[in-house]
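# Topology and contacts: notes
Residue-level listing of the chains:
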Amino acid sequence: MRVLCAFPEAMPSSNSRPPACLTPVALFLALLLHLSLSSQAGDRRPLPVDRVPGLKEKTLILLDVSTKNPVRTVNENFLSLQLDPSIIHDGWLDFLSSKRLVTLARGLSPAFLRFGGKRTDFLQFQNLRNPAKSRGGPGPDYYLKNYEDARSLDKLYNFADCSGLHLIFALNALCRNPNNSWNSSSALSLLKYSASKKYNISWELGNEPNNYRTMHGRAVNGSQLGKDYIQLKSLLQPIRIYSRASLYGPNIGRPRKNVIALLDGFMKVAGSTVDAVTWQHCYIDGRVVKVMDFLKTRLLDTLSDQIRKIQKVVNTYTPGKKIWLEGVVTTSAGGTNNLSDSYAAGFLWLNTLGMLANQGIDVVIRHSFFDHGYNHLVDQNFNPLPDYWLSLLYKRLIGPKVLAVHVAGLQRKPRPGRVIRDKLRIYAHCTNHHNHNYVRGSITLFIINLHRSRKKIKLAGTLRDKLVHQYLLQPYGQEGLKSKSVQLNGQPLVMVDDGTLPELKPRPLRAGRTLVIPPVTMGFYVVKNVNALACRYR
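Residues numbered from 1 in each chain as written. Predicted model: local features only at pLDDT ≥ 70, side-chain atom pairs only at ≥ 80, totals over all residues. Heavy atoms only, no water.

### As for the overall build of the protein chain
We apply this condition: Secondary structure is summarised from DSSP: a helix means a run of H or I of at least four residues, a strand means a run of E of at least two, and numbering begins at the N terminus for each. Any two residues whose heavy atoms approach within 4.5 Å are treated as being in contact. Using a 1.4 Å probe, accessible areas were evaluated by the Shrake-Rupley method; residue-level cover was limited to the displayed protein chains.
Helix and strand content of the protein chain: 13 helices and 25 strands. Long-range pairs, those at least 24 residues apart, make up 81% of the contacts in the protein chain with a sequence separation of at least 6. Just so you have it, the protein chain exposes about 26000 Å², and 51% of that area is on carbon and sulfur atoms.

### Considerations on unusual backbone geometry
Defined as follows: For every residue, the accessible area (1.4 Å probe, protein chains only) is compared with the maximum for its type, and the residue is labelled buried under 20%, exposed over 50%, or partly exposed between those bounds.
Backbone torsion omega between Ser109 and Pro110 reads 0 degrees, so that peptide bond is classified as cis. In this structure, Pro110 sits in the loop between α3 (99-106) and β5 (111-115). Of note, the amide linkage connecting His367 to Ser368 takes the cis form, showing an omega dihedral of 5 degrees. Tracing the chain through its elements places Ser368 in the loop between β14 (363-367) and α13 (386-397). Even without glycine at this site, Asp465 takes up a positive phi of about 60 degrees. Checked against the element boundaries, Asp465 lands in the loop between β19 (455-459) and β20 (468-475). Despite not being glycine, Val520 shows a phi value in the positive range, around 50 degrees. Structurally, the position occupied by Val520 is in the loop between β24 (515-517) and β25 (521-527). Residue class for Val520 comes out buried when judged on its relative accessible area of 15%.

### Thoughts on the pattern of salt bridges
Our working rule: Should a side-chain nitrogen of Lys or Arg be within 4 Å of a carboxyl oxygen of Asp or Glu, the pair is scored as a salt bridge.
Applying the stated criterion to the full structure yields 14 salt bridges. Note that Arg176 and Asp228 form a salt bridge whose closest N and O atoms lie 2.6 Å from each other. Here Asp228 lies in helix α8 (residues 222-236) and Arg176 lies in the loop between β8 (165-171) and α6 (185-196), a separation of 52 residues in the sequence. Salt bridges here are not isolated pairs; linked through shared partners, they connect Asp94, Arg151 and Lys155.

### Considering helix α9 (residues 257-270)
Let me state the cut-off plainly: A helix is expected to reach a length of 1.5 Å times the quantity of its residues less one.
Across its 14 residues, α9 extends 20 Å between first and last C-alpha, which sits within 8% of the 20 Å expected from 1.5 Å per residue. Three or more residues of α9 are buried, namely Val259, Ile260, Leu262, Leu263, Gly265, Phe266, Met267 and Ala270. Of the surrounding elements, those touching the buried residues of α9 are α8, β10 (247-252), β11 (276-279) and α11 (302-317).

### Details of the packing of aromatic side chains
Our working rule: Here is the rule: rings of Phe, Tyr and Trp (six-membered ring for Trp) pair when centre to centre is within 6.5 Å. Planes less than 30 degrees apart are stacked, more than 60 are edge-to-face, and the remainder are tilted. Whether a charge sits over a ring comes down to the Lys NZ or Arg CZ being within 6 Å of the ring centre and within 35 degrees of the ring normal.
Scanning the model with the defined rule gives 22 aromatic pairs in all. Seen in terms of ring centroids, Tyr427 and Phe446 are 5.2 Å apart; in terms of plane orientation they differ by 25 degrees. Their pairing is stacked. Taken together, the positions of Tyr427 in strand β17 (residues 424-431) and Phe446 in strand β18 (residues 443-449) put the pair 19 residues apart, joining distant regions of the chain. Overall, the relative accessible area of 0% leaves Phe446 in the buried class. One aromatic cluster in this structure is built from Trp92, Phe95, Phe159, Phe369, Phe370 and Phe382. Here Arg119 stacks its cationic end above the ring of Phe122, 5.3 Å away from the centre of that ring. Its end group placed over the ring of Trp349, Arg366 keeps NZ or CZ at 4.9 Å from the ring centre.

### A look at the pairing of β20
Put simply, the rule is: Here a strand pair is declared whenever DSSP counts at least two bridges between the two strands.
Within β20, 7 of the 8 residues are buried, which leaves it mostly tucked inside the rest of the structure. Of the pairings in the sheet, the one linking β20 to β25 comprises 6 bridges and is antiparallel in character. Within the sheet, the bridge partner assigned to Val468 lies in β25 and is Val527. Two strands pair when backbone bridges link them, and β20 and strand β21 (residues 486-488) are joined in this way by 3 bridges, in the antiparallel orientation.

### Brief notes about the nonpolar core
Heads up, the condition is: Joining through side-chain atoms within 4.5 Å is the link that ties buried Ala, Val, Leu, Ile, Met, Phe, Trp, Tyr and Cys residues into a set, and such a set is a nonpolar core.
Membership of the largest hydrophobic core comes to 125 residues, with the highest contact counts inside it found for Leu83, Trp203, Trp279, Phe369, Phe370, Tyr388 and Phe524. At 8 residues, helix α12 (residues 346-358) tops the list of elements feeding residues into this core. Sequence-distant contacts of Leu83, defined by excluding residues within four places in its chain, comprise Leu96, Leu113, Arg114, Phe115, Gly116, Leu156, Phe159, Ser368, Phe369 and Phe370. If you look at the next biggest cluster of nonpolar residues, it comprises 26 residues, including Leu63, Ile457, Leu472 and Leu509.

### Section: α12
Taking 1.5 Å of rise per residue, 13 residues should cover 18 Å, and α12 covers 18 Å from first to last C-alpha, within 8% of that figure. The buried fraction of α12 is high, at 12 of 13 residues. Those residues of α12 that sit buried are Gly346, Phe347, Leu348, Trp349, Leu350, Asn351, Thr352, Leu353, Gly354, Met355, Leu356 and Ala357.

### Quick look at the side chain of His433
This is how the line gets drawn: Nitrogen and oxygen atoms within 3.5 Å of one another constitute a polar contact, given that in protein one can donate a hydrogen and the other can accept it, and given that sequence-neighbouring residues count only through two side-chain atoms.
Its location among the elements puts His433 in the loop between β17 and β18. In terms of polar contacts, His433 uses its side chain to reach the side chain of His434, at 3.4 Å.

### So, the packing of α8 against α9
Going by this rule: Fitted lines through C-alpha atoms give the axes, limited to the stretch in contact for helices. The angle between two N-to-C directions lies from 0 to 180 degrees. Orientation categories follow fixed angle ranges, with anything under 35 degrees roughly parallel, anything over 145 roughly antiparallel, 65 to 115 roughly perpendicular, and all other angles oblique. Helix crossings fall into two classes, left-handed where the near helix is turned counterclockwise from the far one by less than a right angle and right-handed where it is turned clockwise. Three classes are used: nonpolar for Ala, Val, Leu, Ile, Met, Phe, Trp, Tyr, Cys and Pro, charged for Asp, Glu, Lys and Arg, and polar for all others, with Gly counted as polar.
At a closest axis distance of 7 Å, the pairing of α8 and α9 adopts a crossing angle of 40 degrees. With respect to α9, the axis of α8 lies oblique. As α8 packs across α9, the resulting crossing turns out to be right-handed. Taking contact as the criterion, the partners of Gly222, Ser223, Leu225, Gly226, Lys227, Tyr229 and Ile230 in α8 are, on α9, Leu262, Gly265, Phe266, Val269 and Ala270. Residues of the contact of α8 with α9, tallied by class, amount to 7 nonpolar, 4 polar and 1 charged.

### What about the confidence of the model for the protein chain?
Basically, it comes down to this: Note on scores: pLDDT gives the predictor's confidence for each residue, bounded by 0 and 100.
Across the protein chain, pLDDT averages 84, with 81% of residues at or above 70. Here residues 1-57 is modelled with pLDDT under 50, and outside its nearest four sequence neighbours on either side it reaches 20 contacts, counting other chains as well. Counting contacts from residues 130-146, a segment whose pLDDT is below 50, to residues more than four positions away or on other chains yields 19 contacts.

### Describing the packing of α12 against α13
Interaxial distance between α12 and α13 falls to 10 Å at its minimum, and their mutual angle equals 25 degrees. Viewed along their axes, α12 and α13 adopt a mutual orientation that is roughly parallel. Relative to α13, the crossing made by α12 is right-handed. Residue-level contacts link Gly346, Trp349, Leu350 and Leu353 of α12 to Asp387, Leu390, Ser391 and Tyr394 of α13. Of the residues that constitute the contact of α12 with α13, the class distribution is 5 nonpolar, 2 polar and 1 charged.

This is the structure:
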């Protein structure tokens, strides 16, 4: 790629003037020579010049987007949410009726709401309206911490329904018969109850089956898990409301060698049974993470290799099958206070959204919406954290159609044996057609600048001389990258009241203006009225 550079112009000196005796013919020849050299400047590298001390070379990045056809189209619910079953164990279930929490969840609709996590395979369903009055069994505290009862399911479903979210319920896969087959009695009770209430739910079975031996002392291989999913499908089909319900799985962990073997065995048996193949990802060990880890390009790129591994197995057995990333977290061990819930973590989250959509992953489910550790979008006081505001902007501005980005001046020429990892990440989508502030055919860019210097981007080609709306998200307060508050175009983002989210006001940029991306920031840029063919229709 050709790097376009702006160099300071040298001031003319008295010695550079042509002599008075230079004939008109000589002047004409000199002019021809000058024009010839100028026309070839784009085909050769500039000659080395002496730089004036104190002046730095500035690189201008030219950006264009292919507008005829999208390179990918992801699910309308691409950015979705997860609630961990620990909300039952920790006593947070009653808070699902909070008006503030419903308002925050509704802001991210439409989306899936996955109810699953590490405690999935500890819960059993009991159709008990009042566990305290049950006779001859454990006390109410036991049921509240270890059972999903009818009251719990009602509250969970009502929260999802009021928030405009579609519930995906992960059933306990560790209820096992002596021959290690799945014991479906508890699941069948739950299915019958939810069907009697006409609850529109999709289903899963288990959570990270590759960890069963370590966590529970009992292993389930891929082939057996596939048979369990076929058994679950057979339970759903006779129930009228669930005869066509979606089924997702196997929700494996990071695709190491043993996990890939489990996925391979599962796909052989039940690849055609599930509607999408799911896996989980965690970026960093939460016990040792530092703020600068979130800025490492090598870390941002680890997900790409995992995607290829999953796609290879899935396409071997069911080419074209949808793939979902479920339970994505920035840091393990529940996250790290003042890091996983800070502005800095947003670089990983926004890059994850861009990379997954570009590589054809249909849905990404964020773990967790609230309560679980420090990886959540909403804190325990129901205040939205930086990743929530980032997700809200994404939902409002980004549509499901992914566009190809073309840049000039972004990368240096790579040296042998050295990989250049981009610190400036640029993604493009059609603007969300549900956003009535923009006509169809508009394009939204989202840009991550990990450089310690600002970057200038000139829109070219189809984007040239178009009006742009800027949504620049920066940390707010003295904590810098560790801040739990953010500002949009210089204005702090806070809820108006429990039932009202703030207006996300753009900063209009005049047509043809160069985009200036501040150091270590993220932003969205809506290019208006492009009339992109790929974006005119749904």
